[in-house]
Amino acid sequence: MAADQPALSSAISLLDRSAARLEGLVRLSVFTILVAMSVAVLTGVIARYVFNSSFSWTEEFAIWCFTWLIFLGAALGVRRSRHVVADLLPLARLPMVQALLEPVATMLLALTLIMMYSGGMQLTDMVGGLSASLQWPKAIKYAVIPASALISLGFLLVRRVDSLQGCLRNLVCIGVAWLLFQWIDAGGLAFLGGFSPSLVMLAAFFLAIAIGVPVAFALVLAVFIASSASFILPPPAVVQNMVTGSTKFILLAIPFFLSTGYLLNLGGLSARLIEFAVSLVGHFRGGLAHVNILNSLMVGGISGSSSADAASSTKILVPEMVKRGYSPAFSCAVSASSAILPNVVPPAIAMLVYASVANVSVAKLFTAGVLPAVLIALALMGVAYAISVRRDYQSSSEHAPWLTVRNSFLRALPVLVITVGVLGGIRFGIITATEAGVVALFWTFILGKMVFKEYGWKTFYRAFSDCAMDAALIGFIIASSVPFAWVLIAEQVPQAIVGWAGTAAEGPLGLFFILILVLVAAGMFLDLTPAMLIIAPLFLPMMINAGIDPIQLGIIMIVTLQLGGVSPPVGLLVFITSQIANVPPSAVFRAVIPFVLATMCVVVLLCAFPSLTIGLWDLLE
C-alpha cells in the first residue's frame, strides 16, 4: 500500500496540473473575448461619432462575444467556486450535514451540466444558416454551450480534491448524474406529468438551492426537470432561451461598467475619490464612516457593483477606521450597508438588468436613481453620526481648508468626469448605455495605465480576466432565469398573482406593502439579480395596471432587494466585509440593523412620493 502512495500522489498532481492548464486557457479566452468585445463596441462608437459612419458588424460581433464570455466564464466560476449559493438551511453549515449534502449538490450540478451539454449539442446540430452581418455559421454561436459544459465537468472532477478518495467521490457523483440523466431522458419523470410544470419547477428549484446547488444552476435544473416531466419546453429550446434572453445589446453595458470599477481600484483612482471625500466630510463626528459612505456614493456612479465596492472599501477604509477607534463590527457594517449605493446611484448594473426585463428607458431609470441614492446616503450618514456621538467615536481630521478641498477635487476630477459624462450622455440621448460603458472603460484605462501608470500589463491581465469571469457570472444568472420565467408565464403564474394581490390589497400603497414583503423575503435568500429577474415579471403587469410608474417600481425593487445583501441568512455584502476584515459575521449583522432600518424608511418615502424617483426626469425636460 505504501508503494502505491507515490503513484497516487503523482496521479493527483497530474490532475491538478491539467486542471490548472485548462483554467489558464479558459482565463486567457475570457480575457481575449472581453477585450475583443470592448474594442468592437468602441470601434463602432468612434465610427459613429467621429467619422459619422457605422460598421454593421460591431453589434452582432459584440453580442456573439458576450455569449461566449457568459458560458466560458461560467465554467471558470465552477473551477473557482464563484457561483452564488443561497444558504437556505442553517443546519447545512454543520460539518456533518455539509458532508452529506455536498456530494448530492455535486451530483445535481453535474446533472445540470450534462443536460446543458445534451441540449446544446442538439441546438448546435439543429441551427443552420449564416448570421446577418458577420456571415458566420450560426452554429458557432451555440457551440460554446456544450464545450463549456464539458469544461465545467472537468473542473468539477477535480474540485476540492486533496486525495484520490476525493477525486473518486467526484467521479462517482458525475457517474450517478449521467445514469440519472439517462433515466430522465428515457421518460423517468413522466409520473410528474399530472402536476403543474410551474409547481414541479419551483419545488425542484427550492430543493436544489436548499441542498447547496448554485442559484444559477438550480434555475436551469428546475426548468429541465419541469420540461422533462411535461414536455413544455424541449431541451434545445431551454438552451436557446438562455442565449437569446441574456445577449441583448443593452446588457453588454454590464461587463463594461464592471470593468470600469475594477480598473478604478487597480489604477489608484479610488484613492483620489477617498481623498476628496475626506476633505468634504472627514471633520464630522464619525468622519471616516461618512467618508466610507460618500466614497460608495461616488464610486457607485462609476462601477455599479456592490460587491466590488464592499470589498474595496473594506480593504482600504476599515483598517484605518479600526486604527482610529471604531469597532470592527461597526466599520464592517458601514462598508456593507453603504455598498447598497452602487446599485442605486447610476449607472448601476441592477438598473440595466431591470431595464432589460421591464423594457423601460435606461436614461429615465438612471435619472430616477440619483435622488434616492442621495437620500439613502444621508440616512446612512445620520445613523453613523448618531452612533458615533453615542460611542464617542472621533472625527478623522480637522476641518479641511478650502485649498485642500479644491486640490483634492482637482485630483479626483478626471475620475468624476466619468460619472458626469455617462449620465449626461445617456440623459440627452447622445450615447447609449452600452456605448457609455465602453467609453467609461476606455477612459479609466487611459487614466490608470497611460497617464498615472499605476499598474503593469500582468496586473491588468489578472484584474481584467477576473472581471471577465464576474461579468460572465452575472450574465449566466440572467441567462438561467429566462427559461425559468418563460415557464412561469406560460403557466400564467403572473396572472394568478396579479389576481390574488388585486383582491388582497387596497390601492397602490397596499400593493406596495405586498410587494415589499415579497422582496424582503426573496432578498434574504436570493442574490439581487436572480430575485429581480424572477419577481419583476410577476409584479410588473399588476403594478402598471394600478397606475404605478415602472420607473418608480424599478428603483423600489432594487433598493429593497439590495437590503438582502445585508440581511441574514445569505447577506453577501456582510460576508464579504467580515471575511476580509476577519470579523464574526454575526457581530456585523447586529451592527448593520440600524442602517437597514434607515434604508427601509427611505423605501417607504419612495413608495409614498413618486416624485422622489420620476420627478428629476420631469424637471430636466
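Residues numbered from 1 in each chain as written. Predicted model: local features only at pLDDT ≥ 70, side-chain atom pairs only at ≥ 80, totals over all residues. Heavy atoms only, no water.

1. Focus: the overall build of the chain
For step 1, the next point in the chain: Secondary structure assignment for the chain yields 27 helices and zero strands.
For step 2, the next point in the chain: The 621 residues of the chain split such that 57% are buried.
For step 3, the next point in the chain: Long-range contacts, defined as pairs at least 24 residues apart, comprise 80% of the intrachain contacts of the chain with a sequence gap of at least 6.
For step 4, the next point in the chain: Here the chain displays about 24,800 Å² of accessible surface, and carbon together with sulfur accounts for 68% of that area. (Helix = DSSP H or I, 4+ residues; strand = E, 2+ residues; numbered from the N terminus. Buried < 20%, exposed > 50% of the residue type's maximum accessible area, 1.4 Å probe, protein only. Contact = heavy atoms within 4.5 Å. Areas by Shrake-Rupley, 256 points an atom, 1.4 Å probe, with all protein chains shown as cover.)

2. What about the confidence of the model for the chain?
For step 1, the next point in the chain: Looking at the chain, the pLDDT average stands at 83 and 90% of residues meet or exceed 70.
For step 2, the next point in the chain: Per-element confidence in the chain is highest for helix 4 (residues 139-157), whose mean pLDDT is 94, and lowest for helix 21 (residues 493-504), whose mean pLDDT is 66. (pLDDT = per-residue confidence, 0-100.)

3. Thoughts on the side chain of T58
For step 1, the next point in the chain: In this structure, T58 sits in helix 2 (residues 57-80).
For step 2, the next point in the chain: Setting aside residues no more than four positions away along its own chain, T58 makes contact with A40 and G44.

4. Quick notes on the nonpolar core
For step 1, the next point in the chain: Counting 219 residues, the largest nonpolar core has F330, Y354 and M532 as its most contacted members.
For step 2, the next point in the chain: Of all the elements, helix 20 (residues 457-490) adds the most residues to this core, at 16 residues.
For step 3, the next point in the chain: Leave out the neighbours within four places in its chain, and Y354 touches N359, V360, L365, M532, A536, L540, P550, L553, G554 and M557. (Core = buried A, V, L, I, M, F, W, Y, C linked by side-chain atoms within 4.5 Å.)

5. Focus: the packing of aromatic side chains
For step 1, the next point in the chain: For the structure on display, the rule yields 22 aromatic pairs.
For step 2, the next point in the chain: Plain terms: the ring middles of Y326 and Y393 are 4.9 Å apart, the flat faces sit at 40° to each other, and that makes the pair tilted. Taken together, the residues span a long stretch of sequence, with Y326 in the loop between helix 13 (318-323) and helix 14 (328-338) and Y393 in the loop between helix 17 (370-391) and helix 18 (402-427) at a distance of 67 residues.
For step 3, the next point in the chain: Assessed through its relative accessible area of 2%, Y326 is described here as buried.
For step 4, the next point in the chain: Judged by its relative accessible area of 7%, Y393 is buried.
For step 5, the next point in the chain: Following the ring pairs from residue to residue traces out a cluster consisting of F31, F445, Y455, W457, F460, Y461 and F464.
For step 6, the next point in the chain: Here the guanidinium or amino end of K449 rests over the ring plane of W457, the centre of that ring lying 4.5 Å away. (Phe/Tyr/Trp six-rings, centres within 6.5 Å; stacked < 30°, edge-to-face > 60°. Lys NZ or Arg CZ within 6 Å of the ring centre and 35° of its normal.)

6. Focus on the packing of helix 2 against helix 8 (residues 235-246)
For step 1, the next point in the chain: At a closest axis distance of 10 Å, the pairing of helix 2 and helix 8 adopts a crossing angle of 120°. Looking at the two axes, helix 2 sits oblique to helix 8. Relative to helix 8, helix 2 is oriented so that their crossing is right-handed. Counted together, F66, T67, I70 and F71 of helix 2 and M242, V243 and S246 of helix 8 form the full contact between these two elements.
For step 2, the next point in the chain: Here the residues of the contact of helix 2 with helix 8 sort into five nonpolar, two polar and no charged. (Axes fitted to C-alpha atoms, helices over the stretch in contact; angles between N-to-C directions. Parallel < 35°, antiparallel > 145°, perpendicular 65-115°, else oblique. Left-handed = near helix turned anticlockwise from the far one by under 90°. Nonpolar A, V, L, I, M, F, W, Y, C, P; charged D, E, K, R; others polar.)

7. Comments concerning unusual backbone geometry
Glycine aside, a negative phi is what most residues show, and trans is what most peptide bonds show.
For step 1, the next point in the chain: At D392, a position not held by glycine, the phi torsion is positive, near 60°.
For step 2, the next point in the chain: Checked against the element boundaries, D392 lands in the loop between helix 17 and helix 18.
For step 3, the next point in the chain: What makes D392 partly exposed here is its relative accessible area of 48%.
For step 4, the next point in the chain: One non-glycine residue, K453, adopts positive backbone phi at about 50°.
For step 5, the next point in the chain: When you line up the elements, K453 lands in the loop between helix 19 (433-451) and helix 20.
For step 6, the next point in the chain: Since its relative accessible area comes to 65%, K453 is described here as exposed.

8. Details of a nonpolar patch on the surface
For step 1, the next point in the chain: Together, I46, Y49, V50, F51 and I430 give the surface a local cluster of nonpolar side chains, amounting to about 510 Å² of exposed area.
For step 2, the next point in the chain: Tracing the chain through its elements places I430 in the loop between helix 18 and helix 19. (Patch = residues over 30% accessible without salt bridge, like charges linked within 9 Å, V, L, I, M, F, W, Y side chains within 5 Å. Salt bridge = Lys/Arg side-chain N within 4 Å of Asp/Glu carboxyl O.)

9. Some thoughts on helix 19
For step 1, the next point in the chain: If you check helix 19, its first and last C-alpha atoms are 25 Å apart, about what 19 residues at 1.5 Å a residue would give, namely 27 Å.
For step 2, the next point in the chain: Positive backbone phi, at 50°, marks K453, one or two positions downstream of helix 19. (Expected span 1.5 Å × (residues − 1).)

10. Some remarks on the pattern of salt bridges
For step 1, the next point in the chain: Applying the stated criterion across every chain yields a total of six salt bridges.
For step 2, the next point in the chain: The closest approach of N and O atoms between R80 and E23, which form a salt bridge, is 3.1 Å. Placement of R80 in helix 2 and of E23 in helix 1 (residues 4-49) is noted, with a sequence separation of 57 residues between them.
For step 3, the next point in the chain: A residue is classified by how much of its surface remains accessible, and R80, at 43% relative accessible area, is partly exposed.
For step 4, the next point in the chain: Taking relative accessible area as the criterion, E23 reaches 9% and is therefore assigned buried.
For step 5, the next point in the chain: Where salt bridges share partners, they join E23, R79 and R80 into one cluster.

11. Considerations on the environment of F191
For step 1, the next point in the chain: Note that F191 resides in the loop between helix 5 (164-185) and helix 6 (197-211).
For step 2, the next point in the chain: A relative accessible area of 58% places F191 in the exposed class.
For step 3, the next point in the chain: Distance in space between the C-alpha atoms of F191 and S230 is 9.4 Å, their sequence separation being 39 residues.

12. Some points on the side chain of S228
For step 1, the next point in the chain: Relative to the helices and strands, S228 resides in helix 7 (residues 215-230).
For step 2, the next point in the chain: With relative accessibility at 18%, the residue S228 sits in the buried group.
For step 3, the next point in the chain: Filtering out sequence-adjacent residues up to four positions away, S228 remains in contact with I184 and L189.

13. With respect to the packing of helix 3 (residues 95-126) against helix 7
For step 1, the next point in the chain: Packing of helix 3 against helix 7 brings their axes to within 9 Å, and their N-to-C directions diverge by 65°. The crossing of helix 3 and helix 7 is left-handed. On helix 7, the residues that touch L108, L109, L111, T112, L113, M115 and M116 of helix 3 are F217, V220, L221 and F224.
For step 2, the next point in the chain: Residue composition of the contact of helix 3 with helix 7, grouped by class: ten nonpolar, one polar and no charged.

14. Looking at helix 17
Each α-helix winds once per 3.6 residues, and so residues spaced three or four apart point in a common direction.
For step 1, the next point in the chain: Taking 1.5 Å as the rise per residue, helix 17 with 22 residues should run 32 Å; its terminal C-alpha atoms sit 32 Å apart, in good agreement.
For step 2, the next point in the chain: Among the residues of helix 17, those classed as buried are P372, A373, I376, A377, L380, M381, V383, A384, I387 and S388.
For step 3, the next point in the chain: Downstream of helix 17 by a residue or two, D392 has a phi angle that is positive, lying close to 60°.

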